[in-house]
There are 2 protein chains.
Amino acid sequence: MRTALLQSSGRPGSIVENLKVLDEAAGRAAAAGAGLIVTPEMFLTGYAIGDDIARLAEPADGDSADAVAEIATRHGLAVAYGYPEREAGHGEGSPADAGADVFNSAQLISADGTRLANYRKTHLFGCFEHDHFTPGDQPVVQAELNGLRVGLMICYDVEFPENVRAHALAGTDLLLVPTAQMHPFQFVAESVVPVRAFENQMYVAYVNRTGPEGEFEFVGLSTLASPDGIARARAGRGEELVLADADPVLLAASRETNPYLKDRRPGLYGSLV
Amino acid sequence: MRTALLQSSGRPGSIVENLKVLDEAAGRAAAAGAGLIVTPEMFLTGYAIGDDIARLAEPADGDSADAVAEIATRHGLAVAYGYPEREAGHGEGSPADAGADVFNSAQLISADGTRLANYRKTHLFGCFEHDHFTPGDQPVVQAELNGLRVGLMICYDVEFPENVRAHALAGTDLLLVPTAQMHPFQFVAESVVPVRAFENQMYVAYVNRTGPEGEFEFVGLSTLASPDGIARARAGRGEELVLADADPVLLAASRETNPYLKDRRPGLYGSLV
């Protein structure tokens, strides 16, 4: 399945403008044969927008999810996007709710507009995220898409080998990782992501923001890594749409060569839990 | 602590010759200020030596351990070396014992000749190792050395993130990994080892064999990786002695910047065990 990585910071603070950026990129991705486009973390609203996070948060089945579903349907490809999620049943923008029940989430919507999976970031990074988000409690969220088992994760989550291993044990073939990876942590894009793909024998699509935003400087370098540890697509530092294939044949052959999941000895790993 | 990585295949099949190679290298390492020298996997006897593995195997306190202790004492530095270990109490070279109780081990001996720690490889690789070795059952083996907590692991072990994480949780500062890493798996030396150092916030010394031996072609590329993911020392493909420092000050600063161990959520990792 050809997978498009939309490396862009969009227009922080404007859902309307970010939906336009997604729409335009989805058109280009579909024209290039992509079956899926993935955005960075918090693409819908922007990341470094302070209290606007709570103000702009929506439930997983909110108006913006409908708008993304319309984009997916019109271009005929699936969309995975990052956004601030307000728990269903709570009023939007109510000051009493601010910060208390907003999750840093990623949702996968199919080419026919179905909401396939919604993931809430489990490993929050630094003071900014702990101030604005509640951590999720479900480590593995998956859906079937075009013959691949697709998993969802967000940014800091992927730096913990335990998280990606849990996906591998649950059969994830292609792990989607919207991210907001900042200077000086480019080692994660350059090295950690390909190693995660290799040690777990899966594809990993790591899709980053770019440029300065608030107190942060995002480093781009979005990467689609294959299970042999090769970066099949890698963006530079600027706004960019890059594409590469997640190939089930290569995946199966690589798993034969690298039997990590068979050679594990779970009985020795008790100290990890 | 300055650490010397002895990248060499020695003389497969000859313990006497390999002790000479170790002796000479230990002299050079000590002259360069090293407090520790590390050999590749199975350095004492050679790796691809078939049934000679069982014939040459010795207990952890056998004659060769005494010879290594003498080298360590004479040059005034610790030695970590790989060797085939026969379980104590079994006769050496007895055909009835062949393969049944031989471990692929690494032992650490201090500069005063004390046997500090002995580790038996827990994750055996491929048919050759399963034919010749019994796997060990103790995942974390450590010792205190010159103010650092030093851990032992062997080759394929380090490719499992669970193993290195267990060391991190047990406080390992410097992980010694004698290895016999073969073509086409150089990705492990180049990328996996620095990522292990980074994600676990420790130093990792990965010390490889080199050149052709039996059916194998070893790739060299021995690496001392620091907790910021940088390869502080990296050998080429041939015989080589490389040195770099494991610096407790850098280690402490890096752990402040990268609080992976504090940010883990063990309650979410239950599927791993």
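These lines cover the structure that appears in this document, whether it is placed above or below.

### Remarks on the nonpolar core
Then comes step 1: Formed by 130 residues in total, the largest nonpolar core has its most connected members in A:I37 and B:I37.
Then comes step 2: A:I37 has contacts with A:A4, A:L6, A:L22, A:A25, A:A26, A:A29, A:L77, A:A78, A:V79, A:A80 and A:L241, leaving out every residue within four places of it along the chain.

### Here we look at the environment of A:Q138
All names here are of chain A.
Then comes step 1: The residue Q138 is located in the loop between α4 (126-132) and β6 (141-145) in this model.
Then comes step 2: Sequence spacing of Q138 and Y119 is 19 residues, and the spatial spacing of their C-alpha atoms is 7.7 Å.
Then comes step 3: Discounting chain neighbours no more than four positions away, the residues touching Q138 are Y119 and T122.

### Things to note about the sheet that holds strand β9 (residues 203-207) of chain A
All names here are of chain A.
Then comes step 1: The mixed open sheet is built from six strands, whose spatial order is β6-β7-β8-β9-β12-β13. Across the chains shown, the open sheet's two edge strands, defined by having one partner strand only, are β6 and β13 (231-234). The average undirected angle you get between the axes of adjacent strands in this sheet is 15 degrees.
Then comes step 2: Pairing analysis gives five bridges linking β6 to strand β7 (residues 148-152), with the strands arranged antiparallel. Bridge assignment links A143 to a residue of β7, and that residue is V150.

### Observations regarding the environment of A:F216
All names here are of chain A.
Then comes step 1: Residue placement: F216 occurs in strand β11 (residues 216-219).
Then comes step 2: Assessed through its relative accessible area of 13%, F216 is described here as buried.
Then comes step 3: C-alpha of F216 to C-alpha of A180: the two residues are 36 residues apart in sequence and 9.3 Å apart in space.
Then comes step 4: If we skip the residues at most four places from it in the chain, F216 touches Y47, A48, F128, M182 and G211.

Quick notes on the rules
- What you see as residue numbers is a count from 1 along each chain, following the sequence as written.
- Labels are handed out in written order, letters beginning with A for the chains and numbers beginning with 1 for the ligands.
- The model is predicted, so local features are restricted to residues of pLDDT at least 70 and side-chain atom pairs to those at 80 or more, both for listing and for counting; the totals for chains, interfaces and linings are taken over all residues.
- The side-chain figures draw on all heavy atoms in the structure; neither hydrogens nor water molecules are used.
- Here the nonpolar core consists of buried residues drawn from Ala, Val, Leu, Ile, Met, Phe, Trp, Tyr and Cys, with membership extended through side-chain atoms lying within 4.5 Å.
- To sort residues, take the accessible area from a 1.4 Å probe on protein chains only and compare it with the maximum for the residue type: under 20% means buried, over 50% means exposed, and anything in between is partly exposed.
- Throughout, a contact is declared for two residues whenever any of their heavy atoms are within 4.5 Å.
- A run of DSSP states H or I qualifies as a helix once it reaches four residues; a run of E qualifies as a strand once it reaches two. Both are numbered from the N-terminal end.
- Any two strands between which DSSP finds at least two bridges are classified as paired.
- Every axis corresponds to a line fitted to the C-alpha atoms, with the helix fit spanning only the stretch in contact, and the corresponding angles, defined between N-to-C directions, vary from 0 to 180 degrees.

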